[in-house]
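The lines below spell out each chain.
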Protein chains: 2
Amino acid sequence: MKKALVVGTGLIGTSVALALREKRVTVYLSDVDARAVGLAEEFGAGEEWTGQEVDLAVLAVPPHLVGERLADLQKRGAARVYTDVASVKVDPIADVARLGCDRASYVPGHPLAGRERSGPAAARADLFLGRPWALCPGPETDADAVRLVRELVSMCGANAVTVGAREHDSAMALVSHAPHVVASAVAASLEGGDEIALGLAGQGLRDVTRIAAGNPLLWRMILSGNALPVAGVLERIAADLAAAAAALRSGELDAVTDLLWRGVNGHGRIPGRHGGPVRDDTVGGTPAGLAGR
Amino acid sequence: MKKALVVGTGLIGTSVALALREKRVTVYLSDVDARAVGLAEEFGAGEEWTGQEVDLAVLAVPPHLVGERLADLQKRGAARVYTDVASVKVDPIADVARLGCDRASYVPGHPLAGRERSGPAAARADLFLGRPWALCPGPETDADAVRLVRELVSMCGANAVTVGAREHDSAMALVSHAPHVVASAVAASLEGGDEIALGLAGQGLRDVTRIAAGNPLLWRMILSGNALPVAGVLERIAADLAAAAAALRSGELDAVTDLLWRGVNGHGRIPGRHGGPVRDDTVGGTPAGLAGR
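On a predicted model such as this, the values are computed, not experimentally measured, just so you know. (Residues numbered from 1 in each chain as written. Chains lettered and ligands numbered in written order. Predicted model: local features only at pLDDT ≥ 70, side-chain atom pairs only at ≥ 80, totals over all residues. Heavy atoms only, no water.)

Asker: Got a minute to help me understand the overall build of chain A in this structure?
Answerer: Across its full length, chain A holds 11 helices and nine strands. Here chain A, with 293 residues, has 61% of them falling under the buried criterion. Entry remark: accessible area of chain A is about 10800 Å², with carbon and sulfur atoms responsible for 49%. If you average the places of the 30 positive and of the 34 negative side-chain charges in chain A, the two averages end up 3 Å apart. (Helix = DSSP H or I, 4+ residues; strand = E, 2+ residues; numbered from the N terminus. Buried < 20%, exposed > 50% of the residue type's maximum accessible area, 1.4 Å probe, protein only. Areas by Shrake-Rupley, 256 points an atom, 1.4 Å probe, with all protein chains shown as cover. Lys, Arg positive; Asp, Glu negative; His and termini not counted. Charge placed at Lys NZ, Arg CZ, Asp CG, Glu CD.)

This is the structure:
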């Protein structure tokens, strides 16, 4: 890969651009927001695109715009190969098919990385380091296209994970989208809490609710693009919580303890950040007065 | 304070002992588990108690044992003043009254600090540094007793927060106990997830579920001691999640977005770790493909 085009110079697009620049790839930038391109240029992410032909175009735009932008770019013959970074895959792939795009040169992708902050100013060349990067090629995808996108993933320091689009979206519902809504519901429960209660908050509550600070309008788009899988996960969690509440009211502590054990088991299935086991020595978990006997 | 007795040499008790030792207080240790006392001694937390009279006795035992232990110690005239560190307050105070203990010399307390790991080996002298430490004196509590316990809190580097026992337990349900059950329910939903899905987990999921790794038997005791307030909070969260799932199924994204906004507002009410605003620059929140437009 010698030349790349990044369409959408937000957090993810600009981070991809910075990572590619470190590997001496020529990077062109494009965004509907001219200021975002200007900022990304200032941060050294590349130069404004004026129609140059490139090897790879990375569409870092919201999920519902992937199909449209891909159709535009293919019409202009902008790149040999195309990929996107949208956090849902089934709907954008359906759009791409509906709009009659060339699917051989398009490799659907999704880097599992992010920050609470958005925009080009939050971008970092090492944002993807050691992170999974899902690729969802279909039977119609060209093997050379997949190779080039794998080169992109590798240049960003991420680990490519090949997965079906439907499987990807179900996985995201389970490990990202539903947990986000749950974190929001816990945070929402604090809205009416009194000052003293909030003043007693510990690191545990901060961790549980951290992602609830994310932008609701961005998350609305994601949830909208993965609504049914997310609803399914939320229904199971809501049922577990309603059952736990009923058990607490009737004093059936065994039922609640069973949920806690299932939580320990489920938590143990999350791989550690670098593939190892998750650290258990962070501050904030065990409540006072119960660790000592 | 010259001499103190710590009853229960687990994480919290041993950490209190270590903090007091740094302030040159003579610390005696007691535990039903002789090995736990031996370990705490090895870590320099003090020496085994053999009946010496002390200024302050700190009961670092599970909530349902506070009353019993206090009655024993008062019968022996072990200390001038007593406090405990249990994470629920209404039930232990009721036990203390029921058992006919002297309530003038007893100041109910709860340091808001902990770790996932338990036992004396996990103890740290700085565990309470900058953390709130709830005190729930009643009208019958002696002012001198409160002064001595405040000296303990200050020696541990914590900030005393005076609060009613019922108010304390409601606050804990909101900011600690219910969020723990919710984290467990999210973690429990991962039990049946496939390897690929779990492999795509990010820092957001790790944060939401971190506290779910806590010991279910310890948490059973806590939840049992604060069942109705916790049930009330869980019911509200379960209802919000069920409504969000229904809205996603019917495509009413406004209702879901409203929950996300309430989450942003509620999250904004949590004070930062050192009193300042919560940092928003930690890794993991904004999903790929939505930050750039």
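There's plenty left to go through after this.
Asker: In this structure, what is going on with the packing of aromatic side chains? I would like to understand it.
Answerer: How two aromatic rings sit relative to each other is set out by the distance from centre to centre and by the angle between their planes. Residue and element names in this part refer to chain A. Considering all chains together, one arrives at two aromatic pairs over all chains under this definition. Note on Phe-128 and Trp-133: the rings are 5.2 Å apart at their centroids and 50° apart in plane angle, and the pair reads as tilted. By the burial criterion, Phe-128 is buried, and Trp-133 matches it. (Phe/Tyr/Trp six-rings, centres within 6.5 Å; stacked < 30°, edge-to-face > 60°.)

Asker: Sorry if this is basic, but what is going on with the environment of Val37(A) here?
Answerer: Residue and element names in this part refer to chain A. Of note, Val-37 is situated in helix α2 (residues 34–42). Residue class for Val-37 comes out buried when judged on its relative accessible area of 2%. Residues Val-37 and Gly-266, 229 residues apart in the sequence, show an inter-C-alpha distance of 42 Å. If we skip the residues at most four places from it in the chain, Val-37 touches Thr-9, Leu-29, Ser-30, Asp-31 and Glu-48. (Contact = heavy atoms within 4.5 Å.)

Asker: Help me understand the relation of the copies chain A and chain B, please; the structure alone is not making it clear to me.
Answerer: Mapping between the two chain copies consists of a rotation about an axis together with a translation along that axis. Its rotation angle being 180°, the transformation that places chain A on chain B also includes 0.0 Å of axial translation and leaves an RMSD of 0.1 Å. Seen this way, the second copy is the image of the first under a two-fold rotation axis. An overlap of 100% is found between the interface residues of chain A and their copies at the interface of chain B, pointing to a shared contact surface. (Least-squares fit on C-alpha atoms with pLDDT ≥ 70 in both.)

Asker: What's the story with the interface of chain A and chain B in this structure? I'm lost.
Answerer: By a frequent convention, interface size equals the accessible area lost on bringing the separate parts together. Between chain A and chain B, the residue contacts involve 129 residues of the former and 129 residues of the latter. Of the roughly 11800 Å² buried at the junction of chain A and chain B (both faces included), carbon and sulfur atoms supply 66%. At the junction of chain A and chain B, the tally comes to 10 salt bridges. Put simply, chain A and chain B have 20 residue pairs in polar contact (both at pLDDT 80 or more) between them. (Buried area = accessible area lost by both parts, 1.4 Å probe. Salt bridge = Lys/Arg side-chain N within 4 Å of Asp/Glu carboxyl O. Polar contact = N/O pair within 3.5 Å; in protein donor to acceptor, adjacent residues only side chain to side chain.)

Asker: Help me out: how do you make sense of a negative patch on the surface in this one?
Answerer: All names here are of chain A. Taken together, the side chains of Glu-41, Glu-42, Glu-47 and Glu-48 define an acidic patch exposed on the protein surface. Looking at the negative patch, the elements that each hand over two or more residues are α2 and β3 (47–48). Mapped onto the elements, Glu-48 comes out in strand β3. A residue is classified by how much of its surface remains accessible, and Glu-48, at 44% relative accessible area, is partly exposed. (Patch = residues over 30% accessible without salt bridge, like charges linked within 9 Å, V, L, I, M, F, W, Y side chains within 5 Å.)

Asker: Before we go on, may I ask you to explain the domain arrangement of chain A in this structure?
Answerer: Residues and elements named next belong to chain A. According to the domain assignment, chain A consists of domain 1 (3–163) and domain 2 (168–268). The centre of domain 1, based on its C-alpha atoms, is set 31 Å off from the matching centre of domain 2. Between domain 1 and domain 2, the contact holds 13 residues from the first and 11 residues from the second. When domain 1 packs against domain 2, the two sides together hide about 980 Å² of surface, and 64% of this comes from carbon and sulfur. For the pair domain 1 and domain 2, the interface holds zero salt bridges. On the surface where domain 1 and domain 2 come into contact, there are three residue pairs in polar contact (both at pLDDT 80 or more). By residue class, the composition of the side of domain 1 that touches domain 2 is seven nonpolar, three polar and three charged. (Domains from an automatic or database assignment. Nonpolar A, V, L, I, M, F, W, Y, C, P; charged D, E, K, R; others polar.)

Asker: Can you help me understand the sheet that holds strand β8 (residues 132–135) of chain A in this one?
Answerer: Working definition: the strands of a sheet are paired by backbone hydrogen bonds and lie parallel or antiparallel to each other. Residues and elements named next belong to chain A. In spatial order, the strands read β7-β8-β9; together these three strands make up an open sheet with mixed pairing. The sheet is open, and its two edges are formed by β7 (109–111) and β9 (159–162), each paired on a single side. Each adjacent strand pair in this sheet contributes to an overall mean axis angle of 25°, direction not counted. Examined bridge by bridge, β7 and β8 share three bridges and lie antiparallel to one another. From the neighbouring strand, Pro-111 faces β8, where its bridge partner is Trp-133. (Pairing = 2+ DSSP bridges. Axes fitted to C-alpha atoms, helices over the stretch in contact; angles between N-to-C directions.)

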